[in-house]
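Geometric and topological summary
Next come the chains, spelled out residue by residue.
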Amino acid sequence: MGLGEQAVLVRVPATSANLGPGFDTLGLALGLHDSVEARVTGSGVDIEVTGEGAADLADAREGHLIIRAMRVAFDDLDIAQPAGLALRCVNRIPHGRGLGSSAAAIVAGLLAARALAGAGTDPAEVLPLASMLEGHPDNVAPCLFGGLTIAWMAGPAGSLPAARAIRLDPHPDVHPVLFVAPAPVSTKVARGLLPPTVPHADAAANAGRAALLIAALTARPEALLDGTEDKLHQDYSAPAMPHSHELVTRLRAAGVPAVVSGAGPSVLALLAGEPGRDELILLGSIAGETGIEWHISPLAVERQGASVVPSASSAR
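1. So, the overall build of the protein
Within the protein, the secondary structure is distributed over 11 helices and 11 strands. The C-alpha radius of gyration of the protein comes to 20 Å, within 12% of the 20 Å expected for a compact globule of 316 residues. Expressed as lengths along the three principal axes of its C-alpha atoms, the size of the protein is roughly 60 × 50 × 35 Å. Counting over 316 residues, the protein shows a buried share of 48%.

2. Section: the side chain of glutamate 302
Checked against the element boundaries, glutamate 302 lands in the loop between strand 10 (295-298) and strand 11 (307-310). One buried charged side chain, glutamate 302, makes no salt bridge at all; its nearest oppositely charged neighbour is arginine 11, positioned 4.1 Å away. Look past the residues within four positions of glutamate 302 in its chain and what remains in contact with it is Arg11, Pro13, Ala29, Leu30, Gly31, His33, Gly146 and Gly147.

3. Some words on the pattern of salt bridges
Inspection of every chain in the model, using the stated rule, returns 11 salt bridges. In this structure, arginine 88 engages glutamate 37 in a salt bridge whose closest nitrogen and oxygen atoms are separated by 3.0 Å. Taken together, the residues arginine 88 in strand 4 (residues 84-91) and glutamate 37 in strand 2 (residues 26-41) connect sequence positions 51 residues apart. Overall, arginine 88 belongs to the partly exposed group, its relative accessible area being 34%. Glutamate 246 serves as the salt-bridge partner of arginine 250, at 2.8 Å between the closest nitrogen and oxygen. Here arginine 250 pairs with glutamate 246, and both are found in helix 10 (residues 242-253), just 4 residues apart, close to one helical turn. Among the charged side chains, a salt-bridge network with shared partners connects Glu37, Arg39 and Arg88.

4. Quick word on the sheet that holds strand 7 (residues 174-180)
Strand order across the open sheet formed by 4 strands is 8-9-7-10, with antiparallel pairing between neighbours. Sheet topology places strand 8 (258-260) and strand 10 at the edges, where each strand pairs with a single neighbour. Strand-to-strand twist in this sheet, taken as the mean axis angle between neighbours without regard to direction, amounts to 20°. Running over the sheet, helix 10 touches strand 7, strand 8 and strand 9 (267-272) and is turned about 165° from strand 8.

5. Details of helix 3 (residues 101-116)
Taking 1.5 Å of rise per residue, the 16 residues of helix 3 would be expected to cover 22 Å, and the 22 Å separating its terminal C-alpha atoms lies within 8% of that figure. Summarising burial for helix 3: 14 of the 16 residues are buried, a large majority.

6. Focus: helix 4 (residues 123-134)
In an α-helix, one full turn covers 3.6 residues, which means residues spaced three or four apart are oriented alike. Within helix 4 the residues assigned to the buried category are Val126, Leu127, Leu129, Ala130, Ser131 and Glu134. Packing partners of the buried residues in helix 4 comprise helix 2 (65-76), helix 3, helix 5 (140-145), strand 5 (148-154) and strand 6 (162-168). A distance of 3.0 Å separates the backbone nitrogen of alanine 124 from a side-chain oxygen at the start of helix 4, and that oxygen is part of aspartate 122. At the exit of helix 4 stands glycine 135, carrying a positive phi of roughly 100°.

7. Some points on the layout of surface pockets
The calculated volume of the largest pocket comes to roughly 430 Å³. Taken together, 28 residues form the lining of the largest pocket, with Gly98, Asn139, Thr187, Gly262 and Ala263 sitting closest to its centre. Within the residue set of the lining of the largest pocket, elements represented by two or more residues are helix 3 and helix 6 (187-192). With 3 residues, helix 6 is the largest single contributor of residues to the lining of the largest pocket. What the second largest pocket holds in volume is close to 370 Å³. Taken together, 21 residues line the second largest pocket, and the ones lying closest to its centre are Leu65, Ile66, Ser101, Ser102 and Ala105. If you list the elements that add at least two residues to the lining of the second largest pocket, you get strand 2, helix 2, strand 4, helix 3 and helix 4. Grouping the amino acids of the lining of the second largest pocket by side-chain chemistry returns 12 nonpolar, 6 polar and 3 charged.

About the thresholds
- Residues numbered from 1 in each chain as written.
- Predicted model: local features only at pLDDT ≥ 70, side-chain atom pairs only at ≥ 80, totals over all residues.
- Heavy atoms only, no water.
- Helix = DSSP H or I, 4+ residues; strand = E, 2+ residues; numbered from the N terminus.
- Rg over C-alpha atoms; globule rule 2.2 N^0.38 Å.
- Buried < 20%, exposed > 50% of the residue type's maximum accessible area, 1.4 Å probe, protein only.
- Lys, Arg positive; Asp, Glu negative; His and termini not counted.
- Salt bridge = Lys/Arg side-chain N within 4 Å of Asp/Glu carboxyl O.
- Contact = heavy atoms within 4.5 Å.
- Pairing = 2+ DSSP bridges.
- Axes fitted to C-alpha atoms, helices over the stretch in contact; angles between N-to-C directions.
- Expected span 1.5 Å × (residues − 1).
- Polar contact = N/O pair within 3.5 Å; in protein donor to acceptor, adjacent residues only side chain to side chain.
- 1 Å grid on protein atoms, 1.4 Å probe; cavity = no way out; pocket = protein on both sides within 12 Å on 5 of 7 lines; lining within 4 Å.
- Points joined across faces, edges and corners; volume = space filled by probe spheres on them.
- Nonpolar A, V, L, I, M, F, W, Y, C, P; charged D, E, K, R; others polar.

As far as function goes, none of this settles anything; it's purely spatial.
Rendered as structure tokens:
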């Protein structure tokens, strides 16, 4: 197996993990995408980035997460590292906002490397390595598979656990609305606020709500408000993102199923029906009560997941 000369184009979706009670397990792919064109070159690492994070990534070179993921994939495939790599990245997924930007970069790198090597890009094959690089599977799973995913770690006794996932089709009446916060929050900071233990009653309540949420997302959208109730993490991380906590509280008080997206600070509303103009105005009014400016975007559920195709610019 060798490396092809034709460039490949990878398209990866944003994702929202947890979805309220499904902490570190549930994830949803969203209709917001980064795209990456990757090619093998004669020498060096050349990266062109436009869009989100462009200024921060301008000089990343070998430190760029996509390049790092590609290097790991080539090693995993037992292929010699190429003399050079070139990337053209168009970033639309905000960084540090709880929308799976790092998972998207990892998936893009792994898929690009495998496609250049002529290896398979089946999501189930890529998931374990993607999860290992990310440190958890709840974002990389929906990024790879699309739709709604349930992800977990498992393996035979005495071996290291590997990521596994099941993909489910969200009900067509489920319509996400994203509230992107104006400033990032560190995932490490947010997770650092979580306690080592929680009351048994809260754990039991979350188990029930997580089960209800799967039913609501796939078959009974009218149960989304109850199904998105969380007692394990959102209240604990509120000090790191008080405006996010306030927005979730205000939306839920108005009957809108809303959660912190991933580790935050963005907020995701899951509506049972496509929002009309008046409903979007109402959501904007509620967001305005928090005193900061949110970027509000109705999005589709991304049902396909990450994709890879030959690049149209390969003939350059």
